[in-house]
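Reading the structure
Here is what each chain is made of, one letter per residue.
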Amino acid sequence: MNRRNFLHNMAHLAAIPSFLPGLGQLELSDLLSSTAEAGKILVIVRLNGGNDGLNTLMPMEQYGQLKSIRPSVILPENKYIPVEGTSLGFHPSMAGMNTLLSEKRLAVVQSVGYTKPNFSHFRSTDIWMSGTDTDQYESSGWMARYLESQHPSYPNAYPNPNFPHPLSIELGGESSLLFQGQNSFTSLIYSNPDQFYNLINPFVNTYPTTIQGSRLAYLQLIGKQSQVYGSVVQTAFRSGTTPFAFAENDLGNQFKIVQKLISGGLQTRVYMVQLTGFDTHSKQVDTQDSTKGQHTYLLKQVNDAIVTFMKNLDAQNLGDRVVGVTLSEFGRTVHSNGSTGTDHGTVAPMFVFGNSVKGGVIGANPKIPLDYKTSDELVANYDFRQVYGSLLNQWMGNDPKATNEVLFKEFPKVQLIKLFNDSDGDGVADGNDLCPATPIGAVVDIHGCEVFSVPVNNYALQMVATTCPGMSNGAMKIDFVDKKYNYALDVKGPSNFAQTLKSSAGASQLLNKLAIGNYQMSISIEGQKTYLQRFDFQIAEPASLIVQSIVRAESNRVELELSGAKQYYIQLNQKIYEVNSDTWSAELEKGPNLIKVWTDQACQGNYYKEIFQSEQIRCFPNPCENDLNIYVSGQDREVQIVLYHLNGSKVVSMQQQPDLNRVIQLDLSDLSAGIYLVQVTGNTINQQAKIVKK
Amino acid sequence: MSQHVPTDKIKHPDLVALFQKEKVQWESIGLRKDRTLNSSKGLAVYTGEFGATQRKHLLNRTLIGYSHSSYTQIQNLSLNACVELLLTPEKAFDLPINDYYLDIIDNPDEVKNDVARGAVWVNATEVNQGGARWVSLKSWMLKQFNLQSTSIHWRMVLFYNNLLVSSIQNAGISKNAFYYVDTLFKLSLGNFKELIYQVTIDPSMLIYLNGNQNNKYAPDENYARELQELFTVGKGPNSKYTEKDVAEMARLLTGWQFDWEKTKTTEGRAIVKNNFGIHDTGEKQFSEFYGNKKISGSSNPDRAEGELREAIDMICATDEMSKYICRRIYSFFVNPSIDPATEDLIITPLAKIFKDAKFEILPVLRTLLLSEHFFDNMHMKTMVKSPLDFVVGLLKEFDLPLLDNNYKPFPKGSDGIYFDFKRYNGIQNAMISLGMNIGDPPSVSGWPAYYQAPAYDLFWINSETIIKRAQFTDALFNWGQGVYYNGSTKTYAQVRVNLASYLRQFNNPADLEGLVDQLVNRHIGMNISADNRQLIISQIMQGNMNLNYWSELWNAYVANPSAENTSTIQNRMAKGLGLIYQLGESQLF
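Quick look at the overall build of chain B
A tally of regular secondary structure across chain B gives 25 helices and seven strands. By the compact-globule yardstick of 25 Å for 589 residues, chain B fits well, its C-alpha radius of gyration being 26 Å. With respect to the three principal axes, the spread of C-alpha positions in chain B is 85 × 65 × 45 Å. Counting across all 589 residues of chain B, residues that qualify as buried make up 51%. Restricting to contacts in chain B with at least 6 residues of sequence separation, those with at least 24 account for 73%.

Comments concerning the overall build of chain A
Within chain A one finds 13 helices and 33 strands. Taken against the 2.2 N^0.38 rule, which gives 26 Å for 694 residues, the C-alpha radius of gyration of chain A at 41 Å runs more than 25% over that of a compact globule. Residue burial in chain A is summarised as follows: out of 694 residues, 44% are buried. In chain A, of all internal contacts separated by at least 6 residues, the share reaching a separation of at least 24 is 64%.

Considerations on helix 5 (residues 95-102) of chain A
Residue and element names in this part refer to chain A. When we look at burial in helix 5, the residues that qualify are Gly96, Met97, Asn98, Leu100 and Leu101. Structurally, helix 5 contributes buried residues whose contacts are with strand 3 (81-82), strand 4 (88-90), strand 5 (106-113), helix 11 (294-315) and strand 10 (348-353). Phi turns positive, to about 60°, at Lys104, one or two residues after helix 5.

A closer look at the nonpolar core
In terms of nonpolar packing, the biggest core is built from 175 residues, with Cys326(B) and Val391(B) touching the most fellow members. For this core, the leading source of residues is helix 6 (residues 132-147) of chain B, giving eight residues.

Focus on the confidence of the model for chain B
Confidence in the prediction for chain B averages 92 pLDDT; 98% of positions are at 70 or higher. Segment residues 1-9 of chain B is flagged for pLDDT under 50; beyond a separation of four residues in sequence, or across chains, it makes 18 contacts in the model.

Looking at the sheet that holds strand 14 (residues 474-480) of chain A
Residues and elements named next belong to chain A. With respect to topology, three strands assemble into an open sheet ordered 13-14-17, the strand pairing being antiparallel. The open sheet has two edge strands, strand 13 (459-465) and strand 17 (509-514), and neither has a second partner. On average, each strand axis in the sheet is tilted by 20° relative to the strand beside it, whichever way the strands run. Bridge count between strand 13 and strand 14: six bridges; the pairing is antiparallel. Paired with Ala460 across the two strands is Asp479, which belongs to strand 14.

Description of the interface of chain B and chain A
Often the size quoted for an interface is simply the accessible area lost on bringing the parts together. Taken together, the contact between chain B and chain A spans 80 residues of the former and 68 residues of the latter. In terms of residue count, the dominant contributor to the side of chain B that touches chain A is helix 25 (residues 563-580) of chain B (nine residues).

Brief notes about the environment of Gly277(B)
Positionally, Gly277(B) belongs in the loop between strand 2 (272-274) and strand 3 (284-285). Classification of Gly277(B) by C-beta neighbours within 10 Å gives partly exposed; the count is 16. For Gly277(B) and Gly255(B), which are 22 residues apart along the polypeptide, the C-alpha to C-alpha distance reads 7.5 Å. Among all residues touching Gly277(B), those that are not within four sequence positions of it are Phe612(A) and Asn686(A).

A closer look at the sheet that holds strand 24 (residues 583-587) of chain A
Strands belonging to one sheet form pairs held by backbone hydrogen bonds; the direction of such a pair is parallel or antiparallel. Residues and elements named next belong to chain A. Read from one edge of the open sheet, three strands run 20-21-24, paired in antiparallel fashion. Two strands lie at the open edges of the sheet, namely strand 20 (546-552) and strand 24, each paired on one side alone. This sheet shows a mean twist of 20° between the axes of neighbouring strands, independent of strand direction. For strand 20 and strand 21 (residues 557-563), the ladder comprises seven bridges, and the chain directions are antiparallel. Within strand 21, the position partnered with Ile546 by the bridge is Ser563.

Some points on helix 6 of chain B
With 16 residues, helix 6 of chain B extends 22 Å from end C-alpha to end C-alpha; this agrees with the ideal 22 Å at 1.5 Å per step. With 13 of 16 residues buried, helix 6 of chain B is to be regarded as a mostly interior element.

Regarding the packing of helix 22 (residues 512-523) of chain B against helix 23 (residues 530-541) of chain B
Helices that pack against each other are described as a pair by the angle of their axes relative to one another and the distance between those axes. Residues and elements named next belong to chain B. Contact geometry of helix 22 with helix 23 gives a least axis separation of 10 Å together with a crossing angle of 120°. Classified by the angle their axes make, helix 22 and helix 23 are oblique. The chirality of how helix 22 crosses helix 23 is right-handed. On the side of helix 22, the interface is formed by Leu512, Glu513, Val516 and Val520, while helix 23 contributes Arg533, Ile536, Ile537 and Ile540. A breakdown of the residues in the contact of helix 22 with helix 23 according to their chemical character gives six nonpolar, no polar and two charged.

Let's talk about unusual backbone geometry
Residue and element names in this part refer to chain A. Here the residue pair Phe620 and Pro621 is connected by a cis peptide bond, since its omega of -10° sits within 30 degrees of zero. Tracing the chain through its elements places Pro621 in the loop between strand 27 (617-620) and strand 28 (627-632). Of the consecutive residues Asn622 and Pro623, the connecting peptide bond is found in the cis state with omega at 5°. By the secondary structure assignment, Pro623 is in the loop between strand 27 and strand 28.

Section: the confidence of the model for chain A
Residue and element names in this part refer to chain A. Per-chain confidence: chain A averages 84 in pLDDT, with 90% of residues scoring 70 or above. In the model of chain A, helix 1 (residues 4-7) stands out as the element of lowest mean pLDDT, 29, in contrast to strand 10, which has the highest, 98. In this model residues 1-37 is a low-confidence stretch, pLDDT under 50, and it forms 87 contacts with partners more than four residues away in sequence or in other chains. Within the model, the stretch residues 192-202 combines pLDDT values under 50 with 38 contacts to residues more than four positions away or in other chains.

Topic: the environment of Thr467(A)
All names here are of chain A. Summarising the element assignment, Thr467 is placed in the loop between strand 13 and strand 14. Between the C-alpha atoms of Thr467 and Arg46, which are 421 residues apart in sequence, the distance is 56 Å. Leaving out residues up to four positions away in the same chain, Thr467 has contacts with Ser472, Asn473, Gly474, Leu514, Ala515, Ile516, Ile539 and Gln601.

Some thoughts on the environment of Asp286(A)
Residues and elements named next belong to chain A. Here Asp286 shows up in the loop between strand 8 (270-276) and helix 11. A tally of 14 C-beta atoms within 10 Å means that Asp286 is categorised as partly exposed. Spatially, the C-alpha atom of Asp286 lies 18 Å from that of Leu66, the residues being 220 residues apart in sequence.

Reading the values: the criteria
Residues numbered from 1 in each chain as written. Chains lettered and ligands numbered in written order. Predicted model: local features only at pLDDT ≥ 70, side-chain atom pairs only at ≥ 80, totals over all residues. Helix = DSSP H or I, 4+ residues; strand = E, 2+ residues; numbered from the N terminus. Rg over C-alpha atoms; globule rule 2.2 N^0.38 Å. Buried ≥ 20, exposed ≤ 12 C-beta atoms within 10 Å, placed from the backbone. Contact = placed C-beta atoms within 7 Å. Core = buried A, V, L, I, M, F, W, Y, C linked by C-beta atoms within 7 Å. pLDDT = per-residue confidence, 0-100. Pairing = 2+ DSSP bridges. Axes fitted to C-alpha atoms, helices over the stretch in contact; angles between N-to-C directions. Expected span 1.5 Å × (residues − 1). Parallel < 35°, antiparallel > 145°, perpendicular 65-115°, else oblique. Left-handed = near helix turned anticlockwise from the far one by under 90°. Nonpolar A, V, L, I, M, F, W, Y, C, P; charged D, E, K, R; others polar.

Following this line, the structure appears as structure tokens:
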């Protein structure tokens, strides 16, 4: 499986246009598994620490030899419960499991492990959870890879109308590698109320009335509110029931929660419960009575919880929907040690339970070498991934090729689930299939009937107009690719905005008069009751109006560069222009030119610019002795002339009228020699020149 | 030629709107809208215990996510020496360069006209259509924050970026954006009066608040208003400037301009000058609040600068200006909310120090950071980390080299500077989705967390960002945080913590309980409940197993850091550290 390129946590890199469909982005495979409402559920029971498979299920034909190899932990021969039709004996705590086996509701896969076994708890747990070879280091779990392959857009577009519930739930407190995906955690963890990811537990810490206390209280509050699945899980939990009481112990309590969630209607398909304490190096059994002790206590919890769980499911008519499987990171040594215990071993049986299970014992009994040495290890008959793969294909309905990707290679399958006839190959047994001849590849519901679907790219949403705050000028255009349907668009938005549009034969629709805010649009198709496509979009404020002006002195023109809108209004002096391009140019008048630019949307702002196109002056002679002539171009009849010293002080100021030749003559004979600044201002002129008086 | 930049491409959560959606009942978190919690200690020099808690508090509030090396640097210094070290300016920085060259490769004209790869661009003509330089500038800023020495300098730049807000993305001309940051850097430990003068005629500010369009025919009041309302005297009850003051100030500021087109097309810094033809040369008459000050105009073009200097003097002469700045400093560094007692106890004397020092900021900072008020226990770990504090803190704590798809060192080839840029850029983008876009506060008022009562720093956290923070740390510890993706070559780069090698620096990591205590101390720095401590341990152990298994694993790793041992440690410790970062305590500083 090499999905990493595409599945990694790219969300932060992606450019997200504000009007991309959010919740509407679903793929075909998502729709397929949306039949999960009454779908199949897998419960994984993790026996943490390495379960002693031999004492759990004893090959009685080798009892004599085992008695001498594991004298301090083996139970008296007559205490094992004979398994009908085999030479096996169940641990006396497992009477209920033996009954399930006789009822063909339990499959026992013997001697499960892997080649080149690792004896470290940590490493072997990682191998079992990641689903890899002994020398392959993968930081994702096999179940998470399966779930991510089914839900490629998780967690960004979740929960959504098709998948309102968590993909998987872990109980027991620790988050397992099993559910760690390649870009997310695919499970919710039932754990501690102080954490962000807490669930079910209504407990609230109280904090002191201090600045710090208020911050911690706020973070706790938001942590709870951030639980997008919190209320839906809590609702299911509260409405779920357990007709038969579970034992008040660790595993019993966890199964009770699973039972309540399933019966309460939660559509989650995968659960994991766990029981710790199987690492029985010492005092695996009581020194006085080997039928008692730690291992007995643990197996009884397992047996009681599973039996009660099955009874409850049957009572609620849910038994056909649920299959469970036990697993442990390894088995234990064949020989016992000096502390009435056993050490880390290799293989152990796995138990698969449920009404849909093909019951029976699979595989030969473990064979203890006649010349057993303490360095000997039992060899695996089945790779644990054969069980995983078989469950994914036969129970979860996964495509076998996809299963090979999840497990990185193909493993021979074991028949764990009852076969049923399915003549149209849609995954629904003929007995339950209301539509027994759906075409190959069709998406079906739980009754095996084709589900109507339209690809999400059948719709093109285009924001055609933004709007200002307080106004409702936004517009969204919706185009339909497939013209053979009649569509109905139900749109909800801010301030109780609600509008319904009908598109017959896929005619394009325009939603207008939209205010700023987030909108949800549900598209339905006439005659297709089960079909609904949702889009979320946003109507935003327009960009600011930005104008740059450039004055071209040589041509006496102004050029404007405009951005922020499609249409602009430009006022130059008295004239108003409507402009539909992002550049504009016009000739300037002499004197002040007032430019104003605006758009249809007031919040984009206005642009003002004053450009003064001055007439010219020319001073001659320069340097001058007494008389200075100033030529003033243009038509101003009167101008103001001011003479400054270079130090800034004003020397003289006067009103003058140019003669017919547009010349003003000044007598400067009273001025001392030096450099002066002449400023000429008038209606159409504002010019300065430097002159030198001799 | 359009100055539009694609700011809409990155989704920036609206923290105020999201906060309102949470419908927080103030009583439920022990707060009331009408009540603040304030220390009764004053500005006297702190003489109490100066231990790890106090030192960390000092670093937390003056740096941006302090590094462990900053902590060891001050571990044995006296309080006085610590504060002096923190008030030492940074050395000059390396200027932003063309490290974005592969991002513009599809535009040959741009490549041809841009400065060479690796060359400084801050004086070059404008060539990038897509805003490559401002993206580069933001990443450059993140890099400066990350590489800061044990100095308050960059935090003060952040303070002023939040107080005297301009916008990098809207500056339009990238060198103008750079020089805005440069001005803040040069003056953030210096004289406030000079800073206000420089900011007023800063080209990016002239664009951001319309100064460039302010002329005598149609005065634009935008800058004149914010100068008073937000930058200097504020809106406190004693700040009694009038609408007429705004109008008069606008008149006074007419004509300050730079030539947009020329700045774009010529090398060097923008030339800002007063375009006297459109400057209002009349007299400006201010209100009683400003002592009925008259500022005379003149037809002398040189007079415009004098008018501006006089106006700033006039503003600074009010007591309210010094008080306002000291309030903002106090909220930013100590406690966002200020009650009347604190106003008397802290703000008034600080304002006097500020005024007496002729508006040098260092004496104010020195007094505050040495004070028993600052070190009051009730201020420790009481602010929610901003996305910047959160992300830069993680950046500084963990060595986060660029990795490829398989967690191997990313092959940078000869493009080292480009990929270093992308690394910061990718992290900066992640920060945007947490609600903070470096160099671009959401409005001229700054980030709401720094000014909006009564929520203040709570604004950083809502149902969306709290999960994103957890996802960010989970990504760093588990699957990797993507920072670069090239769709056409399918090249992917990420950052991720190698936890096994990270843990080597701790004292006896084989002792898991001791290790967890050290990690909690390092990453949280305050006590957590016994239940939470136990939960961290059981996350790492995946159940209540014998802690010796951890010791064996650690010893096996030290003897042989094989892929197996490294991976086994990663898979366990990621859960433990992930949980540490899901505790509310880890979000405080």
